[in-house]
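A closer look at the structure
The chain contents come next:
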Amino acid sequence: MTPNTLSRLENLDRIRAGETWDVVIIGGGAAGLGTAVDAAARGFRALVLEAIDFAHGTSSRSTKLVHGGVRYLAQGNLPLVREALRERGLLIRNAPHLVRARDFVVPAYRFHQLPFYGIGLWLYDRLAGKRSLGRSRWLGRSETLERLPTLRSAGLRGGILYTDGQFDDARLAVALARTAVGLGASALNHCEVVGLLKESGRITGVRARDAETGEEFDVRARAVVNAAGVYADAVRRLDRPDARPMLAPSQGAHIVLDRAFLPGDAALMVPKTDDGRVLFAIPWRGRTLIGTTDVPLAETPREPRPLAEEIAFLLEHADRYLTGAPTEADVKSQFAGLRPLINADAGQNGQTKKLSREHTVVVSDAGLVTITGGKWTTYRVMGRDAVDHAAEVAGLPKKPCATESLHLHGWTDRPADLEDPLDLYGSESDDLKALIAESPELGRALHPDLPHVEAEVVWAARHEAARTVEDVLARRARALFLDARACIECAPRVAELLAAELGRDDAWRESQITDFRALAATYLPT
């Protein structure tokens, strides 16, 4: 077994043994996994319990950007931008196989926009300091079109070029889980926390249920961290049923188009759409990713779906800026994520785009530590703050945060090979290639329209705790976000490979195919 393997059996055995943990973390997204890595790096015994799968929710449905937030700059929130830019630099250093620089172009269709955008992005660069990825600069009309060949040219005056970070969110989540395990933590997916244990009014652990067997466990802990993202209020109500909501969730939708809509290496950034948001069109894994929207939600479904008006909004704005007039027929995949925005006076009259993206930590009277808000770029800071509070609640030894220079699982100093689809595995890419050399049939493509091979399914089952077809195609491979139709077609082969690895029968395999195809259909326009 390779180091840092996510072994479900080993994790379950540790829970069954009745070990008392220093910190139990509810939620396996960016905040929860960041907390686990921080706690384990300080030498604390940490356990992550995730109800469905690592990064199943918001943390796999981002715009794939590691950035300071140009929009927050416009809002005057310089401390948040500075912090995020610093964390961007650390992430590129600590996970270079998953986080890389990407050039962006802001087009200007009026002359006054050039100095206006230019000054703002000049400040953005300066706030990054020594961790700047490159200086922004003005582009003439012809160079703007050279960088964005499909940009609409009518009325174009020029543009501003700047550089930001791009990453694979779900793959980073897996890297964090395996990093935490390598430091001595445990991380278990498909295991939901269904209650909190209390003694004399203080939280002493959690009650968890294994989704695969129905087995329930009482898990003792010195501190419990609620890192459940948009579901944080539901966990808080396990502590206090009358707890007032902290969150005002909003939904952001994305669409994925063919690469032909945005050829070249540069991304497009539109500073202000009709609803006042920033819009991105970004090259990502051989496709064009466009997002995002901002729609307040009253509920937090486990599987959010883009609204028809969100898809229409994205297609309309894509048509304004890109030639080719994309339509619903061109959408290869569409997805939505929920943002855990901090509630501020009922959402500023419902305009969630005005709510804070900063995180907050709250400790209840019973000792439940809740970390919520924030964004992927600042996951490390969120983890640090959560552990600081958890250590205080539990009376753990005071130890400094040790993650600033911690290389994440898969780290390599080898130059990136953008032509190699296995390059995202970093230092383990050679191990996957060795697996293919041993079993050449695993080198076959999962589908002609997908950049994934069969070996990735086997690897995901053996080393990355993939338990379902969805785990594989949505989060270990990113296929569901790249081409839902192709995923529907290759689901039977994935189920076959996964069943062989996990020792499942034909009934399980058929159920997996049916369930996944129903899910994948929601990633296509109706």
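In this report, the structure presented in the accompanying data block is examined. (Residues numbered from 1 in each chain as written. Predicted model: local features only at pLDDT ≥ 70, side-chain atom pairs only at ≥ 80, totals over all residues. Heavy atoms only, no water.)

**Remarks on the overall build of the chain**
Along the chain, the regular secondary structure elements total 17 helices and 18 strands. The C-alpha radius of gyration computed for the chain amounts to 22 Å, which stays within 12% of the reference 24 Å derived for 526 residues, consistent with globular compactness. Summarising its shape, the C-alpha atoms of the chain cover approximately 70 × 55 × 45 Å along the three principal directions. Residues classed as buried in the chain amount to 59% of the 526 residues present. Sequence-distant contacts in the chain: of pairs separated by 6 or more residues, those separated by 24 or more amount to 72%. Roughly 20,300 Å² of accessible area belongs to the chain as shown, and the carbon and sulfur atoms make up 51% of that amount. Within the chain, one finds 67 positive and 70 negative side-chain charges whose respective centroids are separated by 6 Å. (Helix = DSSP H or I, 4+ residues; strand = E, 2+ residues; numbered from the N terminus. Rg over C-alpha atoms; globule rule 2.2 N^0.38 Å. Buried < 20%, exposed > 50% of the residue type's maximum accessible area, 1.4 Å probe, protein only. Contact = heavy atoms within 4.5 Å. Areas by Shrake-Rupley, 256 points an atom, 1.4 Å probe, with all protein chains shown as cover. Lys, Arg positive; Asp, Glu negative; His and termini not counted. Charge placed at Lys NZ, Arg CZ, Asp CG, Glu CD.)

**A look at the nonpolar core**
The tendency in soluble globular proteins is for nonpolar side chains to be buried side by side. By size, the foremost hydrophobic cluster in this structure holds 48 residues, and its most contacted members are Ile25, Leu91, Val99, Leu172, Leu176, Val225 and Trp376. For this core, the secondary structure elements donating two or more residues are strand 1 (21–26), helix 2 (30–41), strand 2 (46–49), helix 4 (78–94), helix 7 (169–182), strand 10 (216–226), strand 18 (369–373) and helix 11 (379–394). The element contributing the most residues to this core is helix 7, with 8 residues. If we skip the residues at most four places from it in the chain, isoleucine 25 touches Gly32, Thr35, Ala36, Ala46, Leu47, Val48, Leu49, Val225 and Ala227. Within the second largest apolar cluster, 45 residues are counted, among which are Leu432, Val494, Ala495 and Ala499. (Core = buried A, V, L, I, M, F, W, Y, C linked by side-chain atoms within 4.5 Å.)

**Some details on the packing of helix 14 (residues 469–476) against helix 17 (residues 506–521)**
As a packed pair, helix 14 and helix 17 sit with axes 9 Å apart at the nearest point and diverge in direction by 40 degrees. Taken together, helix 14 and helix 17 sit at an angle that is classed as oblique. Within the contact between the two elements, helix 14 uses Val469, Glu470 and Leu473 and helix 17 uses Gln512, Phe516 and Leu519. Of the residues in the contact of helix 14 with helix 17, the class split is 4 nonpolar, 1 polar and 1 charged. (Axes fitted to C-alpha atoms, helices over the stretch in contact; angles between N-to-C directions. Parallel < 35°, antiparallel > 145°, perpendicular 65-115°, else oblique. Nonpolar A, V, L, I, M, F, W, Y, C, P; charged D, E, K, R; others polar.)

**Topic: the pattern of salt bridges**
The full count for this structure, using the stated rule, is 53 salt bridges. A salt bridge links arginine 61 to glutamate 303, with the shortest nitrogen-to-oxygen separation between them at 3.2 Å. Here glutamate 303 lies in the loop between strand 15 (295–296) and helix 9 (308–321) and arginine 61 lies in the loop between strand 2 and strand 3 (65–66), a separation of 242 residues in the sequence. Notably, a salt bridge pairs glutamate 454 with arginine 444, separated by 3.4 Å at the nearest N-O pair. Linking glutamate 454 in the loop between helix 12 (429–438) and helix 13 (455–463) with arginine 444 in the loop between helix 12 and helix 13, this pair joins segments that are 10 residues apart in sequence. Here the salt bridges share partners, and the residues they tie into one network are Arg8, Asp210, Glu212, Arg467 and Arg504. (Salt bridge = Lys/Arg side-chain N within 4 Å of Asp/Glu carboxyl O.)

**Examining the environment of leucine 422**
Looking at the element boundaries, leucine 422 is found in the loop between helix 11 and helix 12. Sequence separation between leucine 422 and valine 453 is 31 residues, and the spatial gap between their C-alpha atoms is 9.0 Å. The residues touching leucine 422, leaving out its near neighbours within four places in the chain, are Ser429, Leu432, Lys433, Ile436, Val453 and Glu456.

**Brief notes about empty space enclosed by the protein**
Per the counting criterion, the structure on display carries 3 cavities of 30 Å³ or more. Of the voids in this model, the largest cavity is the one considered here, and its volume is about 100 Å³. Along its surface, the largest cavity is lined by 13 residues, and Asn94, Tyr379, Arg380, Thr403 and Leu408 are the ones closest to its centre. Listing elements by their share of the lining of the largest cavity, those giving two or more residues are helix 2, helix 4 and helix 11. The space that makes up the second largest cavity amounts to roughly 70 Å³. Along its surface, the second largest cavity is lined by His97, Leu98, Arg171, Val174, Ala175, Arg178, His409, Gly410, Leu424, Tyr425, Glu428 and Glu464. Considering only residue class, the lining of the second largest cavity consists of 5 nonpolar, 3 polar and 4 charged. (1 Å grid on protein atoms, 1.4 Å probe; cavity = no way out; pocket = protein on both sides within 12 Å on 5 of 7 lines; lining within 4 Å. Points joined across faces, edges and corners; volume = space filled by probe spheres on them.)

**Topic: the environment of valine 219**
Here valine 219 is to be found in strand 10. Residue classification places valine 219 among the buried positions, given a relative accessible area of 1%. Between the alpha carbons of valine 219 and arginine 485 there is a distance of 41 Å; along the sequence they are 266 residues apart. With sequence-adjacent residues up to four places away left out, valine 219 is seen in contact with Ile15, Trp21, Val24, Leu47, Leu197, Thr204, Gly205 and Val206.

Everything listed here is a matter of geometry and, on its own, says nothing about what the molecule does.
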